[in-house]
Every structure is written in C-alpha cells, then in structure tokens.
Amino acid sequence: MTEAPIDIADAEAALAALRASRPLVHNITNYVGMTIAANALLAVGASPAMVHAVEEVEDFIAISSSLAINIGTLSPRWVDAMRLAAAKAVALGKPWVLDPVGCGATPYRTGVAADLARMKPAIIRGNASEIMSLAGAAGAGGKGVDSTASSDAAVDAAKALARATGAVVAVTGVTDYATDGGTLIAVEGGHELMPLSTALGCALTATTAAFAAVRPPLAAAAAALAVYGAAGAAAAARCPNGPGHLPAELCDALYRCDRAMLDRHAAIRVAAIA
Amino acid sequence: MTEAPIDIADAEAALAALRASRPLVHNITNYVGMTIAANALLAVGASPAMVHAVEEVEDFIAISSSLAINIGTLSPRWVDAMRLAAAKAVALGKPWVLDPVGCGATPYRTGVAADLARMKPAIIRGNASEIMSLAGAAGAGGKGVDSTASSDAAVDAAKALARATGAVVAVTGVTDYATDGGTLIAVEGGHELMPLSTALGCALTATTAAFAAVRPPLAAAAAALAVYGAAGAAAAARCPNGPGHLPAELCDALYRCDRAMLDRHAAIRVAAIA
Amino acid sequence: MTEAPIDIADAEAALAALRASRPLVHNITNYVGMTIAANALLAVGASPAMVHAVEEVEDFIAISSSLAINIGTLSPRWVDAMRLAAAKAVALGKPWVLDPVGCGATPYRTGVAADLARMKPAIIRGNASEIMSLAGAAGAGGKGVDSTASSDAAVDAAKALARATGAVVAVTGVTDYATDGGTLIAVEGGHELMPLSTALGCALTATTAAFAAVRPPLAAAAAALAVYGAAGAAAAARCPNGPGHLPAELCDALYRCDRAMLDRHAAIRVAAIA
C-alpha cells in the first residue's frame, strides 16, 4: 500500500513508463466502445487489440501485457471467452481489469459480473451503481442499486468489494476513488460533459489495463484516473458547443498529456488509510 | 390523429418532455451505427443502452421506456433477441420502433423485416426503397424496390404499410414523411451531406424511439424528424469541407437544439388528412 | 501488367471512375473498424454495406460490385460467412480483397488467413508483419514475423505471396508497395499519425475493394494507396494536436481528393519489373 501513487508525480512517472514500454492490451469489450477504447489506448501510448474468439483468446493473452474485460454487450459465447481469457491471464501472472457494465440491470448481467469478479481481477472499474450492485451480488454486502448514486455513496461498497475479491476497486463519478480495501485514494478531474459521450468509462477501463501493465493495481488505478481525468477536463475545455467532439479531443489530450496538464486538471489525495 | 404535432411548437414541447424525463431507450441495433446512435441519444437528452442477449432482453425492456430494433447487421441469434424484445415490449405496453435496414436487398433480410413488421411496432422508419419493399413484403402492395426512389415516391407505400401494420410509418429523404395511414405529415430539414455519413438514419431511428417514450407514435415521429432534421441542417452548416465531422456536429446540434434552431432549419406541415 | 497505373494521372482517373459508378462494396469486417470503413467508402464515392450472416452473404455479393474481407475480430461463424462470400464472389467474377489482420499472432488467426488467401482474392492488403507471416503460412516462404518490420523488409515476402496466391499483394508502411509478383509499384504518402488512429488500415482495405470494382487488381491497389495516402497526409496536416480528429479529417480529404491533393501528397513509381 505504501507503493500507491499519492501525488501527481507518480502518475506522471507511470505515464512515462507506459509510453516507454507500449504494452499490448488485450480487450474483450462491448461493440459500442471498441473504437474509442482502441483510440484512447493508442493515444495514451499503448497498443490495443480486440480479440474475442474462444479459439484464440488464451493464445492472445499469452502475447499481451494485460487484459480488459467489459460486459457491456455480453452474450454467452463472449462470456465463455471472457472466462477463458481471465483464467489464462491469472495463470500467466498478467493483470486483468473488469468493467461490470450495467451490473444490477438484469439477473443475467449481474450473475456474469459476479462470476467474473471471483476470477481474481487486478482491478474492477465501474460507476457507483455498478459497484454497489456488484458488492451485493458478490456477497460483500452493499445497500442496493441506485442509478443516481454518487461515487461518494459507493465508497463503502467499493472497500467491501475490494476485500471480498482481492481486487483494487475504482469507482468513478464527480470524484473518483480507488481502494484496495485499506487505502482509499480520491482523484479529482474529468468534466460533466463526459457522461454525455458514450463509452468513455469503457475507454477508461481499457486505459486502466494499460497502466496495470506497468504499475501494481492501486498505483495503476490511481494513475489511470488522474491521467484520464486530466485529459477529459482538458478536452472538455475545447468543446464549447457540446459533447460531439469530445472523443476526438480526449484522444488528443491523452496524446499530449504531460505534467502541466496533470497539475492543471487533476488532483490525487490519499483520503484514508484503514 | 388530432393529437399529431402540426407545428414546430409541438416538436419543441416534445423535446422538452424528452429532456425532462430522460427515457432509457433499449437498442438492438447494428454494429456500424451503435456508437453514433448512443451518442445521438445522449445528446438529445435520452439514456441509451445496447443490449442484445436473448438471456436478458426481456428483463431489459422491462426497465426501459422504449425500444429500437434495427436489422442492419442481422444474424439469427440477434433476430431471436429482436423477436423476444418486441413481443415483451408490446406485452408491457412500451412502444418499439423498427428500422428495416436494407429490406429488399436479400430474401433473408426482407423476410425478417416483414416478420418484425407484423409484431406491432409503434413506428417503422426507413428510406423510400426500404419502405416500398417492406410494404410489398408485408402484403400491403407496393411497386417494387428502386434504390434511387425519392421519399415522395414512397408515400403511397408508407400509407399502405401503416394501414397493414397499425404502425406509424416514417419515410426519410429530401422531404421526410410520417403517416398513420390517414394523416400525412411532411417535414423539411436535413442536408445533402447526411447520407454521406454512415448510420445517421439508424441514429434517427434510435432518436425516434426516445420521442416515442414521451409522445404518441405520430407526434413522436414528427417531432423526431423535425428535431433531427433541424440538427442535421445546423450541423452540416458547420461542415464546409465534407462529411467527416458531421456525426460530432450533429451531436452538438442535438445537444443545443432549441426553438430558434427548429424555426430556422425545419418545417412541419400536415400534407394530407385522409 | 502494362495496364498498371504508373503515375498519378492513372490514380486520378481511377478515382473519377469510382465516383462515377458508385460501386456497392460488400464488407465482412471487424467490429472496431466498421464505422470508419463505411465512412471512408462514402467519402471516396462508394456505397458501403456491412453484411455477415451466412443466411445472406451469397445473395448480397450477387448485388454488389466487390467484397472486402477483414479478419480483425474473427470468430467461427463469421469465418463461415467469409468463406461463403469469397467463393461466391469468385464464382461470379467479382473481385474480393483480403485483410489478414493480426496474421501470425495466434495459430487460429494465421490458419484462417492462410485458408482465405487460397480462395483467390484479387488483392491482399496488410502491414509488413502480416504479409511476412501470411507468406510463410501460405507456403510461399518468408522470414518469420517481426512486428516492427518495415514495409521494405516485406517486399520479397509480398512478391512470393503474390506468386503463390495469384493475388496482387499490397504491403503498407512508411512506403507502400503493390506487386503482382512481377511488377513492383512503390507509393509514397500517408503520415506518421495514421497508425495512432485505429482501423485506418482496415478502412484502406475497404477503399481498395472500391477501386477493385473499377480497375484491375494492380491498378486498383496502386490507385487506392495513392488516393488514401494523399488524403491521409492532407488530413494529418489539419491535426496539429494529435490523432483525435484524424478519422474525420481523413473522410473530408477523401471527399475532396483531387489532382492537386494527389500531386502534393502522394507519389507513385514503378520500383521494379521482374
């Protein structure tokens, strides 16, 4: 826990390490967000691949640095591939990140998310509603789903989910949080336009997987939140007319992200150490 | 029929109602257009979800306000999901909108479109060729497919299709039309660049489903055509170099759409009452 | 071989022929690149369709002018459709283009690419690594895969692959090459930002299929490389802040591509005639 990034300098160093190693990130993700996830990964300095066939996911994670699994448009054959890839990633000691999109919306979706959460993800990234639902479904307690819940309201669920699964849990909202069940890190950044452009949360999950290739889970989650939050705020400042150009501006901002952007648009603080 | 919007003020009021209620719109749509459909829905003020697994579509329409089904990249398992979701929507009294993409191009596609058209969609939205083909396939007559047909040429087919299916039929082109088989409403708007950016028609169908959550079918179709047509024209005016930035500009225009934009870039008239 | 375009005037004439005939291009491609491929095809003057169900691919190629097959996000059912469509295209005398995305990354992917390469594609388009891997897998020799290989290093593999398959082989990189196994054409153009925007190579493959509808394979490949390379360079010049807006700018440049753009941003030379 003492290795966690506690300031912007650590996020900057993680970004430099990411760009230097250009990790190959294996994604099994939803149809809606594939393009922006790939473009965000390229812009931040990683190498993306979207590969989902059960015939090849185990071979592909073997040549990759990390894995992102996102259940946004799940179906049974894709879930088969997710399980195979996650198991192989764990067997090979490669970190994988889970995005439980829409957990709580249907029994099928909640069940799949809970099963995957038990498969040793390094990091779980979701919004408040998804994390609260997943904490409940994973038997970690939780207070039920409120789709309008703020990230602050999900902090206890995030901690419980982290303890139950062994994963670092990142919950995003106006303030973002990352916790390993002990340390709680708060990250400020982002912009209110971001939820009005589809799949930017999914692309953050992919970006988190890229950082997980170069940093331990809690440090990776915090760095990803800071870099992405700073880039999102910088991008939104260039979108005076609405969210239409936000994905393109976000990629430009990720591509150009540096210490000045981080200092101006993001803040990291250790909110609590258990 | 007298509830149909017959002027821009009704479209403006429908847009305000949409934004106030922020309907959750369930989409089962094609891979090409998922991202722009989701972004258009977010920009206009709705909440999009793309959910297609047969294991969860019935549960998902149950928590949604309306449903859009688009057969652009259909395959048998997806068609199974479309049927389940449409039947459940009708059972629950929730409106659903059909986009018969490419109807007439292959027997498989035409057959699926005709079967879905019999499942009580509230609105069917297509181009002239698709509507003429579907009218024929649905046993409503029709004069065969002409992929270069104008929307004017499809008005009779649209009326026949509306009568045969009970749906409001919207046919888009240089002039857009919406009819319940009796009243015929013409909507002016849009821009010649729009067909040069992929899936903007699909995103209009999704937008129509959002309006169907807050207005009866004919009023919803007319409001969607007016809002989308105005936004498209306003967006194209900001694209002097070609269609590349049109999706982004369209989202900005949907996000900013107001009475001034509607007055400047769209017109609604009742063309005929049977 | 004497029909190959050896100067920019031939590329300009091919572009004019494409725009005049507006070919319907049937695509069976990956989820990540569908939207940009469709938009690139629309911008350059073609009519795109993405159709992958085994129930209709044979009917759809029958009404299309050419076919692009891209294995980026392959799975068994999609591969079934690729085989059916390719065989039907050959039977009907319609050209089809293969993009062996990621060939060499996994045994499954390499095997599918090699099988498709034996099905008489008119053109195969890939990067250096993919072409070198495919040449080896297709029994045409080859020196193994190096994901950092330059296009120059793949010229011999491209020639061998062309001779083994009967296809024109286009290999893209800093300099692009097209060869029928005898003549070798080098095309300059493009920009270093292009690999930082996802699926632009996939969209080039789709564009190549559009040119294959109006020119013989070697002329089509060279014209596509020149037009796309010029448009890419012109687009990148309008992206001072990074790759975010590159897809939109590329579409605008394809839409506006003319002799002046070709002269300024591309060059074609016959590098060798065997």
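Before reading on, note that the structure itself is shown above.
This structure is a prediction, so every number in the text was calculated from the model and none was measured.

Undergrad: What should I look at first to understand the overall build of chain A in this one?
TA: Along chain A, the regular secondary structure elements total 11 helices and nine strands. Against the globule reference of 19 Å for 274 residues, chain A gives a C-alpha radius of gyration of 17 Å, in line with a compact fold. Oriented by its inertia axes, the alpha-carbon framework of chain A measures out at about 40 × 40 × 40 Å. Across the 274 residues that make up chain A, the buried fraction comes to 70%. Excluding contacts between residues fewer than 6 apart, the proportion of contacts in chain A whose partners are at least 24 apart in sequence is 72%.

Undergrad: Would you explain the pairing of strand β5 (residues 123-127) of chain B in this entry?
TA: Successive side chains on a regular strand alternate, one facing one side of the sheet and the next facing the other. Residues and elements named next belong to chain B. Here β5 lies mainly inside the structure; five of its five residues are buried. Sheet topology note: the strand β4 (residues 96-99)/β5 ladder contains two bridges and is parallel. Bridging from a neighbouring strand, Leu-98 pairs with Ile-124 of β5. This β-α-β element, β4 to helix α5 (residues 107-117) to β5, shows right-handed connectivity. Here β5 pairs with strand β6 (residues 168-172) via five bridges, running parallel. Bridging across to β6, Ile-123 finds its partner in Val-168.

Undergrad: What's the story with the environment of Asp-80 of chain A in this structure? I'm lost.
TA: Tracing the backbone through its elements, the reader meets Asp-80 of chain A in helix α4 (residues 76-92). Sequence-wise, Asp-80 of chain A and Ala-53 of chain A are 27 residues apart; in three dimensions their C-alpha atoms are separated by 9.1 Å.

Undergrad: So what exactly am I meant to see when it comes to the relation of the copies chain A and chain B here?
TA: Both copies of the chain are related by a screw-like operation: a rotation about an axis and a shift along it. For the pair chain A and chain B, the relating rotation is 120°, the translation along its axis is 0.0 Å, and the fit reaches an RMSD of 0.0 Å. Expressed as an axis order, the relation between the two copies is that of a three-fold axis. Minimal C-alpha distance to the rotation axis in chain A is attained by Tyr-31 of chain A, lying at 3.8 Å. Here only 14% of the interface residues in chain A have copies in chain B that are interface residues too; the copies meet through unlike faces.

Undergrad: What is the right way to look at the relation of the copies chain C and chain B in this model?
TA: By a simple turn and slide, chain C fits onto chain B: the slide is 0.0 Å along the axis, the RMSD is 0.0 Å, and the turn is 120°. Little of the interface of chain C is mirrored in chain B, where only 12% of its interface residues again form contacts.

Undergrad: Would you explain the sheet that holds strand β1 (residues 24-28) of chain A in this entry?
TA: Residue and element names in this part refer to chain A. Overall, mixed pairing links the nine strands, which are arranged β2-β1-β3-β4-β5-β6-β7-β8-β9 in an open sheet. Pairing within the sheet leaves two strands with one partner each, and these edge strands are β2 (47-50) and β9 (267-273). Adjacent strand axes in the sheet meet at a mean angle of 20° when their direction is disregarded. When strand β8 (residues 183-188) meets β9, the two strands line up antiparallel, connected through six bridges. Within the sheet, the bridge partner assigned to Ile-185 lies in β9 and is Val-270. In the packing of helix α2 (residues 34-44) onto the sheet, contacts are made with β1 and β2, and the angle to β2 comes to roughly 160°. In this fold helix α8 (residues 200-212) packs onto β1, β2, β3 (66-70), β4 (96-99), β5 (123-127) and β6 (168-172), with an angle of close to 160° to the strand it touches most, β3.

Undergrad: I keep staring at helix α10 (residues 246-256) of chain C and nothing clicks. Help me out?
TA: With 10 of 11 residues buried, α10 of chain C lies mostly within the body of the structure. Looking only at α10 of chain C, the buried set comprises Leu-246, Pro-247, Ala-248, Glu-249, Leu-250, Cys-251, Asp-252, Ala-253, Leu-254 and Tyr-255 of chain C. For α10 of chain C, the elements touching its buried residues are α10 (246-256) of chain A, α10 (246-256) of chain B together with α2 (34-44), α8 (200-212), α9 (217-236) and α11 (259-265) of chain C.

Undergrad: Quick question: what am I supposed to make of the interface of chain C and chain B here?
TA: Much of the literature gives interface size as the accessible area that the parts lose upon coming together. In this assembly, 24 residues from chain C lie in contact with 22 residues from chain B. Every element with two or more residues in the side of chain C that touches chain B is listed here: α2, β2 (47-50), α3 (57-62) and α10 of chain C. It is α10 of chain C that contributes the most residues to the side of chain C that touches chain B, seven residues altogether.

Undergrad: Explain the packing of α8 of chain A against helix α9 (residues 217-236) of chain A here, please?
TA: Any two packed helices are characterised by the angle at which their axes cross and by the distance between the axes. Residue and element names in this part refer to chain A. Their axes nearest at 8 Å, the elements α8 and α9 cross at an angle of 135°. Judged on the interaxial angle alone, α9 and α8 are oblique. Where α8 crosses over α9, the handedness of that crossing is right-handed. Listed contacts from α9 to Leu-204, Thr-207, Thr-208, Phe-211 and Ala-212 of α8 are Pro-217, Ala-220, Ala-221, Ala-223, Ala-224 and Tyr-228. When the residues that make up the contact of α8 with α9 are grouped by side-chain class, the tally is nine nonpolar, two polar and no charged.

Undergrad: Any chance you could explain the environment of Ala-138 of chain C here in plain terms?
TA: Residues and elements named next belong to chain C. Tracing the backbone shows Ala-138 in the loop between α6 (128-137) and α7 (155-165). You can call Ala-138 buried: it has 25 C-beta atoms within 10 Å. In this structure the C-alpha to C-alpha distance between Ala-138 and Ala-113, which are 25 residues apart in sequence, comes to 8.7 Å. With near-sequence residues (within four places) excluded, Ala-138 lies in contact with Ala-114, Ala-117, Leu-161, Ala-164 and Thr-165.

Undergrad: How should the sheet that holds β6 of chain B be read in this particular structure?
TA: All names here are of chain B. As summarised here, the arrangement of the nine strands in space is β2-β1-β3-β4-β5-β6-β7-β8-β9, forming an open sheet in which the pairing is mixed. The open sheet terminates on both sides in strands that have one partner only, identified here as β2 (47-50) and β9 (267-273). Neighbour-to-neighbour, the strand axes of this sheet turn through a mean angle of 20°, independent of strand direction. Summarising the sheet, strand β1 (residues 24-28) and strand β3 (residues 66-70) pair through four bridges and their orientation is parallel. Note on β3: the bridge partner recorded for His-26 is Leu-67. Against the sheet, helix α6 (residues 128-137) contacts β5 and β6, and its axis sits at roughly 125° relative to β5.

Undergrad: Looking at this model, I keep getting lost on helix α4 (residues 76-92) of chain C. Mind explaining?
TA: Think of an α-helix as 3.6 residues a turn; residues three or four steps apart then line up on the same face. All names here are of chain C. A rise of 1.5 Å per residue sets the reference length of α4, with its 17 residues, at 24 Å; its end C-alpha atoms lie 24 Å apart and thus fit the reference within 8%. Summarising the contacts, the buried residues of α4 are in contact with β1 (24-28), α3, β3 (66-70), β4 (96-99) and α5 (107-117). Just past α4, the residue Gly-93 takes up positive phi, approximately 75°.

Reading the values: rules and limits
- Residues numbered from 1 in each chain as written.
- Chains lettered and ligands numbered in written order.
- Predicted model: local features only at pLDDT ≥ 70, side-chain atom pairs only at ≥ 80, totals over all residues.
- Helix = DSSP H or I, 4+ residues; strand = E, 2+ residues; numbered from the N terminus.
- Rg over C-alpha atoms; globule rule 2.2 N^0.38 Å.
- Buried ≥ 20, exposed ≤ 12 C-beta atoms within 10 Å, placed from the backbone.
- Contact = placed C-beta atoms within 7 Å.
- Pairing = 2+ DSSP bridges.
- Right-handed = clockwise from strand over helix to strand, strands pointing away.
- Least-squares fit on C-alpha atoms with pLDDT ≥ 70 in both.
- Axes fitted to C-alpha atoms, helices over the stretch in contact; angles between N-to-C directions.
- Parallel < 35°, antiparallel > 145°, perpendicular 65-115°, else oblique.
- Left-handed = near helix turned anticlockwise from the far one by under 90°.
- Nonpolar A, V, L, I, M, F, W, Y, C, P; charged D, E, K, R; others polar.
- Expected span 1.5 Å × (residues − 1).

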